[in-house]
Structures are given as C-alpha cells and as structure tokens.
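Here's the letter readout for the chains.
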2 protein chains.
Amino acid sequence: MRVEDLDTPALTIDLDILSRNIRDLAESCRRHGIALRVHTKTHKIPEIARLQLQAGAAGIVCQKLGEAEAMADAGITDILIPYNIVGARKVERLVRLAKRATITVALDSETTARGISEQAGEPDIPVLIELDTGGNRCGVQSPEAALELARNVVQLPGLQFRGIMTYPSRPQAEPFLTSTRALLEDAGIRVPVVSGGGTGSEAVSKQIGCTETRIGSYVFEGMRRINRTDNPPNPVTCASRMIVTVVSTPTPERIIVDGGQKTFASYPPIPYGYIVEHPDARIYGMSVEHGHIDVSACERAIRVGERLSIIPQHQGMTTNLHDTAYAVRNGIVEAVWAVAGRGRVQ
Amino acid sequence: MRVEDLDTPALTIDLDILSRNIRDLAESCRRHGIALRVHTKTHKIPEIARLQLQAGAAGIVCQKLGEAEAMADAGITDILIPYNIVGARKVERLVRLAKRATITVALDSETTARGISEQAGEPDIPVLIELDTGGNRCGVQSPEAALELARNVVQLPGLQFRGIMTYPSRPQAEPFLTSTRALLEDAGIRVPVVSGGGTGSEAVSKQIGCTETRIGSYVFEGMRRINRTDNPPNPVTCASRMIVTVVSTPTPERIIVDGGQKTFASYPPIPYGYIVEHPDARIYGMSVEHGHIDVSACERAIRVGERLSIIPQHQGMTTNLHDTAYAVRNGIVEAVWAVAGRGRVQ
C-alpha cells in the first residue's frame, strides 16, 4: 500500500527519519557516557520501543502503569514508571506486572511507599525517590526529606531502594542532587541510579551527576524540541506526518482540512502543525474536526480533494488520539502499527 | 460495583442528571416547535444516543463518517453528517453505510457533490448545502452560490437535495437563510430541511426559520454551555465527573492528581475542570499525566490517596480520550459504556 491509498486523516511515520533520530541520540548518549532510558510517551508504540532498545537504550520509561502493561505485553522487560503508584487496585496491578518485567517506580511520600510495600511480594519493587529540583510538580522538597523517605524505603519490606530521580535535568538541579547523594551515602544507603530527563538533556544530565537520562520526543522531532520560536518543525528531522484532505475551499484565503483538535490535539499558543507542501500556509485555528488554514500567502490555489502532509507540533498528545500509525519508507506503507499505549490513562 | 471501587482516572456519568438534561432539552424543543437532532460528538456513546432518541430527538448528528458507522453498528438509523465527505475511499464507505441507515450529508462544493454522485447507487444520498453565515468555517458564501450548487445537486444522479444547513444559529444568519430559501423555491427547488445548531439554539433556530436544530453538549453540561465566565460548572446540571486520585502533596499549597492533559484534554485559557469536593481548589496547570492543583485556599489539608471528582470543562474532547465511561446512580455503577465513537478521526 502507498501513502496515497490511506484514508485520511492518517498518522504516518517515516522510517528513515525515525531510524536516524534513534541512532543519533544513542550515539550522543554513548559519547557523553550516560545511559539512555527512552521515554515512550511520545510514540506509545512497542515496535518503536524495540528499535530504540536495539540501538542501545538501557530500558524504557512509561508514565502510567497501563502504558507499562502494554509494553510488557509486547515483551519489553525493563521499564521505569516515574510516577507515584497510589491505591490498592493500582498497586495490585503493579505487583502483578513486576512478576513478568523489572518495573522500577518513583515515589515521593511515605504514604505511597507504604501502600506499595503492603501489597508487594516477590520480587521486591525497585524504587527511586523523586526530587523536586525546581520542576514544581511532584517530588520531595529537600535532601533531608529525601534521606528520611529513603530510610523508610530501605526498611519497608517488598521495596528495594535504587536511587533518585528528577525532572527536568538542569544545571540548577545539581546542588540538590549532589547533597542528596552525599546524605544518603553518609547514611550507608547506596545510590546506584540518578535519573534525569528531558529532550536534549544528555549533556546536562551527565554534568549534574546523573547515571541515566530519560528522553522521548526525539524519535519524532529530532535532537531538539520543535516549538514556535527557535526550532520550527523541520521535514528533514521530523518523522511524523498527518496526512489530511482538503474538504472545503470556501474563500480564496481559507481552506478547511479534515483534521482538527481530535486529530492534532490542542495546546495553544503553540501552533498545531507545519504543512510540508505549503510552508507559506498557516493553520490559524482548529475546531474539533476541522483544520482552518490561511492560504493567502500561497502561490498556487489549493483544491478540494488535495492531500496535505502536516507535521504535528504536539507529538505525544497527537499520537494518543490515534489507534493506528503507518510506518512509511519512500511513500510505501511498510507496517501498520497499533498505538498500543494509547488511552492508558490508568 | 461502587464508584469508590473504580480505578482512576475514571470518567463517570450521573444517570439522574443525564436523564434530566435529556428530558429538559427535548421539552424545550417541543415547546419551541422545532425538531431536535442531537449531536453525539459530546458523548460518542450509542447508549446515550438511544436515550436521546427515546426522549423524542428526530435523529442524531455525527461529525465524522467513522462516528456514524459506530452509531449505525448500534442500530441507529437516522444520521446527519454535516461534513464534506471527500475522497474515493470515504465515499465508498458512505455509500455502504447508506444501505443500512439514512445518512444525510452536508456539502459546500460541486467537487464534493460530484465525488459522491459518481459512486452513489441505491438509495440516493440525501444532501444539505452548507451555508457560511458568519461561522467562517465551511459553507458557500452567498445565496446565489447556494442556488448554483443546489442546481448541480438536483441534476446529479445518486443525490437527493434535502435542504440547507448552517452553524451556529444566530440572528445574523437569518437574511442569508431566508434569501437562500426564497431563491431555491423560486427556482422550483423544495427546501424541506433548514438545519441550525449550537447549544441553547432552539429558540433562535426557530426564530431564523430552521426546521431542526443540532445540539450536543447539553447532555453533560445542562442547558447552557459551561465556561469560565458567566456559567461555571454546576454539579447540579453537569452529569460527568472524572474521578482522580491525589498522588502527591509536595508542598502545603500544591497537590498533584493522576489525571492531566491525556485525561482532561487541553484547551487554554478555559480551565480544565471544577473540583466538586473542594470548590476552593484551583487546577492551575496540567502536564500530560499530572494535574497541578493549588489548594492554598482550601480549609482542610488533602492527603495522598484521597479521591476527587472533577467536572471536566472540555466535555467532548475529554470523552474522546477515554475508551470507557461509567454510568452511575447514587454512587453505584449501573452500566459500563464503551465510548464507541472515540478516535474515529476518519
């Protein structure tokens, strides 16, 4: 099947660009001497996770337990869930999953630690303690709080203390990480893992003392985040394309395509996407099922029925809206991938 | 099963509120003497569509062909797709679907009309012409353009001209609608259907000459759209609740819950949702899997493991993120509904 034969909207992934992105980051991490733990939230596709592992990734990251279950179902055996697993039902699922894959979890409270410990059996659940080094999300607030929690984790049955994590990796995080490690080691608690993260974080993660770094969006975006200002989408480094059809040309300035917020996700003020065939066209708005495009700057008229290739700018959120992605090389659909981790909110 | 037994995040729908909303709008439309064609984009759940039809709705609306297929699979037989169906593959699906349900489509160009006509067989495809009365999306731009297109539709085999449609219904649309109807009738083209739409549109739709009005969000929101300013979410009229768990309380001012953009959809600057148990708490941000809540105004401390009920403010987009919704009455889960129309982007 060729790309032209796909009904639209269709999420396609260029295999050559994908492979190059995967190879480039693996090489960069090797060069920096830091382990790469790939975050699968961007793609949620086990086949892509396998390509990343084959290229040298040390393991994967899933943000939710349900995504980890999907990846374990596909045979992946080393998964970090950097998320507090809370509640008896969820811990029950965690304990079950831990019997068929190594599942490391992050936590930031004694309540979460006790909850897991109470239900854990064999094997022990590996645990990282999350530090809030300025991300202002989850995480303990000081090295002393990290030490207190680590002492709890070490004593609780069913848990195995493995280290610390933070997000994102930034130079400002270094004093918190270093002090915490020193406090823990002085207390006789070994810290084999220091986990950092963020796209483009391999150098800074190494510099602030991390042993591994969690990076995800590079598979579709290339080595730098695409955003509105300093790095707009580049067709050479961006692997994904949403193929859409022009369904209406109501005025000479406006065309409407068959993908809107339900196809591209909505995250103003970042634009929705970049139109490869018409870089001068501008997606100025989206309703749920319509993409509204200003074509007043385009040289030639665009007609109803034409197909356009749009690079989505909210990659992970966009993937999460689709059941299927089409792996493409030179215009040929080489594989149809289920987005197995899609919608796994629990 | 009780709501407390659901793992989180879980999308629940209160059956009493839902039924009341369905009844109230049906009564209002009867009172105004206008047919109600319920838009299913808000819920995408066939069971809810059936309740709406039982309460007197004249038919349903689906924004995409794939959603219509899901509703037809559930036995629903009168569906309007107010969308240009473009491309041979999609028209093939439309023609197939039209053999098992009455599928009316809207279109705004001769290209779309010819595309459907070329593949249509038995039965004819009923067609409305879409007018751009100021919505600035799809639609012909003048009554004269509508007449020209209607003449085409009337002559093309496989199509049956049924009338005109617009969105949204507003008093300003009246001259365009009236002129178009007059032009068409003068040309000997009957206009049995004038379709308007928008929540709260029953009175204005009637007033500007519509025969039916398309309304959707009322099932979850009540009779008025919930938004930030004049009508915040009201637990008495809003039927849906996202049940989430507090997973982190990193500071006294901040709690983190286990639902973020992947659970609630993102549509700044409208807030993400309203917390029923803590109206003073404020969801100030969301990352993909975390909801960030400011609890500095709350009287009592909120602990890790507590569950909260949040009324999502982007109802349709939120439903589209979930495979399952739980129908609840008095805290008991009475039914588990598949969100059958979810993700049907094509």
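Residues numbered from 1 in each chain as written. Chains lettered and ligands numbered in written order. Predicted model: local features only at pLDDT ≥ 70, side-chain atom pairs only at ≥ 80, totals over all residues. Heavy atoms only, no water.

(A) The arrangement of the interface of chain B and chain A in detail. At the interface, 62 residues of chain B touch 62 residues of chain A. When chain B packs against chain A, close to 5000 Å² is buried across both sides, 51% of that on carbon and sulfur atoms. At the junction of chain B with chain A, the criterion picks out 14 salt bridges. Note that Lys90 of chain B is salt-bridged to Asp258 of chain A, the shortest N-O span being 3.8 Å. In this structure, the connection of chain B to chain A is made through 37 residue pairs in polar contact (both at pLDDT 80 or more). Counting residues per element, the ones that place at least two in the side of chain B that touches chain A are helix H4 (88–97), helix H5 (110–119), strand E10 (240–251), strand E11 (254–257) and helix H10 (261–264) of chain B. (Contact = heavy atoms within 4.5 Å. Buried area = accessible area lost by both parts, 1.4 Å probe. Salt bridge = Lys/Arg side-chain N within 4 Å of Asp/Glu carboxyl O. Polar contact = N/O pair within 3.5 Å; in protein donor to acceptor, adjacent residues only side chain to side chain. Helix = DSSP H or I, 4+ residues; strand = E, 2+ residues; numbered from the N terminus.)

(B) Spotlight on the confidence of the model for chain A. With 98% of its residues at a pLDDT of at least 70, chain A reaches an overall mean of 95. Both confidence scores are given for the complex: pTM 0.96, ipTM 0.96. (pLDDT = per-residue confidence, 0-100.)

(C) Here's a closer look at the environment of Thr133 of chain A. Residues and elements named next belong to chain A. Along the chain, Thr133 falls in the loop between strand E6 (125–131) and helix H6 (143–155). With 39 residues separating them along the chain, Thr133 and Gln172 place their C-alpha atoms 7.6 Å apart. Discounting residues that sit within four places of it in the chain, Thr133 has contacts with Thr166, Pro168, Arg170, Ala173 and Phe176. Among the polar contacts made by the side chain of Thr133, one reaches the side chain of Thr166 at a distance of 2.8 Å.

(D) Molecular detail of the relation of the copies chain B and chain A. Least-squares fitting of chain B to chain A yields an RMSD of 0.0 Å, with the transformation described by 0.0 Å of translation along the axis and a rotation of 180 degrees. What we have between these two chains is a two-fold relation. (Least-squares fit on C-alpha atoms with pLDDT ≥ 70 in both.)

(E) Layout of the sheet that holds strand E4 (residues 78–81) of chain B. Residue and element names in this part refer to chain B. Here we have 8 strands rolled up into a closed barrel, ordered E2-E3-E4-E5-E6-E7-E8-E9, and parallel in their pairing. The mean angle between the axes of side-by-side strands here comes to 30 degrees, regardless of whether they run parallel or antiparallel. With 3 bridges connecting them, strand E2 (residues 35–39) and strand E3 (residues 59–61) associate as parallel partners. Bridge pairing in E3 places Arg37 opposite Gly59. Against the sheet, H5 contacts strand E5 (102–107), strand E6 (125–131) and strand E7 (159–166), and its axis sits at roughly 150 degrees relative to E5. (Pairing = 2+ DSSP bridges. Axes fitted to C-alpha atoms, helices over the stretch in contact; angles between N-to-C directions.)

(F) How the structure looks around the pairing of strand E16 (residues 324–329) of chain B. Residues and elements named next belong to chain B. As judged from the 3 bridges shared by strand E1 (residues 10–14) and E16, these two strands associate in the parallel manner. Across the sheet, the residue bridging to Ile13 is Ala327, located in E16. In this structure, the hairpin formed by E16 and strand E17 (residues 332–338) is closed by a connection of 2 residues, where Asn330 is found at a positive phi of approximately 50 degrees.

(G) Spotlight on the sheet that holds E6 of chain A. Residues and elements named next belong to chain A. Here 8 strands make up a closed barrel; going around it, the order is E2-E3-E4-E5-E6-E7-E8-E9 and the pairing parallel. Strand-to-strand twist in this sheet, taken as the mean axis angle between neighbours without regard to direction, amounts to 30 degrees. As paired strands, strand E5 (residues 102–107) and E6 are joined by 3 bridges and run parallel to one another. Within the sheet, the bridge partner assigned to Val105 lies in E6 and is Val127. Lying over the sheet, helix H5 (residues 110–119) contacts E5, E6 and strand E7 (159–166), oriented at roughly 150 degrees with respect to E5.

(H) Spatial organisation of helix H1 (residues 15–32) of chain A. Residue and element names in this part refer to chain A. Taking 1.5 Å as the rise per residue, H1 with 18 residues should run 26 Å; its terminal C-alpha atoms sit 26 Å apart, in good agreement. For H1, the complete set of buried residues consists of Leu15, Ile17, Leu18, Asn21, Ile22, Leu25, Ala26, Ser28 and Cys29. For H1, the capping residue at the N-terminal end is Asp14, with a side-chain oxygen 3.0 Å from the backbone nitrogen of Asp16. Gly33 sits one or two positions beyond H1 and adopts a positive phi of about 70 degrees. (Expected span 1.5 Å × (residues − 1). Buried < 20%, exposed > 50% of the residue type's maximum accessible area, 1.4 Å probe, protein only.)

(I) Quick peek at H5 of chain A. Those residues of H5 of chain A lying buried are Thr112, Ala113, Ile116 and Ser117 of chain A. The buried residues of H5 of chain A occupy an angular sector of 130 degrees when projected down its axis, which confines them to one face. (Arc of directions from axis to C-beta.)

(J) Representation of the pairing of strand E13 (residues 282–286) of chain B. All names here are of chain B. Where E13 meets strand E14 (residues 291–294), 4 bridges bridge the pair, whose relative direction is antiparallel. Paired with Gly285 across the bridge in E14 is His292. Connecting E13 to the next strand, E14, in antiparallel fashion are 4 residues.

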